[in-house]
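# What the coordinates show
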Amino acid sequence: MAPDLRALQTTPKALNVTKKKTASVTREKQVFKPSAEFQRQANLGSYAAYKKLYNESVNIPEKFWERQAKELLVWRKPFKKVLQWDAPHAKWFTGGKLNVSENCLDRHLGTARENKAALIFEGEPGDVRTITYKQLHFHVCRLAHIFENMGIVAGDRVALYLPMIPEAVIAMLACARVGAVHTVIFGGFSAEAIKDRLNDCKAKLVITADGGWRRGKVIELKTNVDKALNDAPSVQSVIVVKRTGTPVNMIEGRDMWWKEAWEGAPNKHDAKAFDSEHPLFILYTSGSTGKPKGVLHTSAGYLLGAKLSSHYVFDLKETDRYFCSADIGWITGHSYVVYGLLSNGSTVFLYEGAPNQPEPDRFWHMIDRHGITILYTAPTAIRAFMRWGDNYVLRHRLDSLRLLGSVGEPISPEAWKWFHKLIGKGRCPIVDTWWQTETGAIMIVPLPGSAPMKPGSASLPFFGVVPKIVDEKGKEVPRGTEGKLIIAKPWPSMLRTLWGDDERFAKTYFSDYPGIYFTGDGAKQDKDGYFWIIGRVDDVLNISGHRIGTAEVEAALATHPAVAEAAAVGRPDELKGQALVVFVTLKTGLTSSDKLKDELRAHVGREIGAHAKPDTVRFAAGLPKTRSGKIMRRILKEIAAGREVKGDTSTLDDFSVIAALQSED
Ligand code: WT7
């Protein structure tokens, strides 16, 4: 597919459209071209260069990926075959062996990068640590020895439940070094959620901290792990990082302090080589059922996708200082804090805490103090910055910044322009990156320096990616028409399966369109070939850029003794993108109250995590259902948004419930 960009060769001024055109057409015509100055220094400096590489990557993909894999990765044993595709199962670079941690660390030793900062860390209280590549290598080698002494062998699962501190990165790389499979659990998840994940993957070891700082308070991580471990028999040991000094209960024979384990472990570690398809990590994400999905990524293809995309999307230069505000507990933290950046030898800035601690200008302060050149953040954060007011931004220089990025949900043209003007000072290109936990790496993005940007559009496919917009039958729809977003060909960093549930993997991603990956997103392509992501078409919500399954929330509510039935839906929200609304039917004889609302919110917090607490709880005598008993969420969504209930209600069993729901508070 070759996007036709002739229409973009005009200046924004010439693109004024008549009032008759619809808002979306007007939107599609707003174009920001990269500056000549940026283009001159860019890793990919023209649209022609993008097109040439892109065409090669999709027309002769095996040749393209063979070259990239040979050039970008350090192999211990060369691969024999680039791709073995037996839909829905892909194997990339078979026959090859490598070590992912060696690709992120050892390869930089003995070069000018050896004493370069790999990590610059700032804790929420203001403590700063700089760790060079050589030092990071020491740390990782030591932990690798500790793992081996504990009997952790290749393939064992290790769970990490840590704040955004250097030890999180060290632990991930140490797992990779010994071939253990890490599963990072976001620090906001509750004990219940930790327990489910530990049991699902049968983790042998947990690495946590006494606590982490967030908004001036301590998040007690070890306490949550202790609770989870009451019912997670696979876990044999716990390593605890001392971060906040919060008193914790250490269980003899099970728990040990990171620092104590540390003493005496050697600084050098001979890393073994693992197969290209050796599992690297499991990352749990929400889907359409109550049970989270353990997305499995493997070694060579994932690393190549993360490394290649980091280089081009962030236009990485040796001198960059890169700040991604995502937590390590999400895929963005895996691909674009750790693997993609360290394999490129970049300096990564890590921040532990909240963006408004102590004041709403914390990011801008840090950007000036540390000379950050690239900022990768989320639309929900940008909306919060806008709300906090321009003055917090204007008192900082921000002149070190040269590139901005956005991820997690569609960015509105309004937020895009604010980001461009206030943070980027009109000088920095913005890369709006569309991708998913499952895709492992960025899939749709305007490469800076080569693609004109349209605010609100994730733009054009990355190398090797063949996205298409199709109808229910899988037929491509004409440009300008909304449809479902599929990825027509396999790519190296794609998920390989769902941990322990290959059937669900095949069904979720490859059965709507047999043998073809369905993203779960709706989108459209404009006449220039630019992709505009509309959002999820399944029962998954995007709340502040976090994926939350409505079924998971419903399952959590169902475990509360007062709840007879519950339905969760999303409502548009200015700040969070979507807010979570739950409709609850109480058991007979129970009466609704504000106290019970609070209790149900707290209950979901305990079952999943604070980020999944409903914004609104509404009690209902009955829920709208079809005659076969299926809850009609479409109707609930309209009620939640305060809209009139429109559309087909002919299958509704009992009309009176709608009126009753609308009159509820
Ligand atoms: C879903 C994936 C990929 C890391 C963050 C979220 C939405 C993601 C964009 C974007 C519009 C986006 C999609 C996607 N999404 N990036 N640039 N524009 N929507 O990862 O939790 O796996 O969620 O986030 O709906 O399917 P995730």
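Placed above this text is the structure.
Every chain is numbered on its own, with residues counted from 1 as its sequence reads. Confidence filtering applies because this is a predicted model: local features only for residues at pLDDT of at least 70, side-chain atom pairs given and counted only at 80 or more, and all residues used for totals across whole chains, interfaces and linings. Note: side-chain values were computed over all heavy atoms of the structure, leaving out hydrogens and water.

## Notes on the environment of Phe281
This is how it is decided: To qualify as a helix, a DSSP run of H or I must reach at least 4 residues; to qualify as a strand, a run of E must reach at least 2; elements of each kind are numbered from the N terminus. We call two residues in contact when some of their heavy atoms are within 4.5 Å.
As for its placement among the helices and strands, Phe281 is situated in strand β14 (residues 279-285). In the structure, Phe281 is positioned 59 residues away from Lys222 in sequence and 22 Å away in space, judged by C-alpha atoms. Contacts of Phe281, omitting those with residues within four sequence positions, involve Val181, His182, Val295, Leu296, His297, Tyr302, Ile331, His334 and Tyr339.

## Observations concerning the pairing of strand β5 (residues 128-132)
This is how it is decided: Strand pairing requires that DSSP identify at least two bridges connecting the strands.
Bridge analysis of strand β4 (residues 117-122) against β5 gives five bridges, and the strand direction is antiparallel. Residue pairing in the sheet places Ile120 in a bridge with Thr130 of β5. If you look at the hairpin formed by β4 and β5, you'll find five residues sitting between the two strands, and Gly126 has a positive phi there, around 110°.

## Details of the sheet that holds strand β20 (residues 430-433)
For the record, the criterion: Note on definitions: angles span 0 to 180 degrees between N-to-C directions of axes, and those axes are lines fitted to C-alpha atoms, for helices only across the stretch in contact.
Strand order in the open sheet formed by seven strands is β5-β4-β17-β16-β18-β19-β20, with mixed pairing between adjacent strands. What marks the edges here is a single partner per strand, and that holds for β5 and β20. Each strand of the sheet is rotated relative to its neighbour by a mean of 20°, with strand direction disregarded. Relative to strand β17 (residues 347-351), strand β16 (residues 321-324) runs parallel, the two being bridged by three bridges. Residue Arg321 lies in a different strand from β17, and its bridge partner there is Thr347. Where helix α6 (residues 133-150) meets the sheet, its contacts fall on β4 and β5, and the angle it forms with β5 comes to roughly 90°.

## Comments concerning the site of the ligand
Heads up, the rule is: The rule for a residue being near a molecule or strand is that one of its heavy atoms must lie within 4 Å of it. Whenever a nitrogen or oxygen atom comes within 3.5 Å of another N or O atom, the pair is scored as a polar contact, on the condition that within protein one atom can donate a hydrogen and the other can accept it, and that pairs from neighbouring residues in sequence are kept only if both atoms are in side chains. In this classification, Asp, Glu, Lys and Arg are treated as charged, Ala, Val, Leu, Ile, Met, Phe, Trp, Tyr, Cys and Pro as nonpolar, and every other residue, Gly included, as polar.
Around the ligand, a shell composed of 17 residues is seen, among which Asp432, Thr433, Thr437, Asp521 and Arg547 lie nearest. Between the ligand and Thr437, the relevant distance is 2.6 Å, taken from an oxygen atom to a side-chain nitrogen or oxygen of the residue. If you list the elements that add at least two residues to the shell around the ligand, you get α12 (331-342), β20 and β25 (531-536). Taken together, the residues of the shell around the ligand break down into six nonpolar, six polar and five charged.

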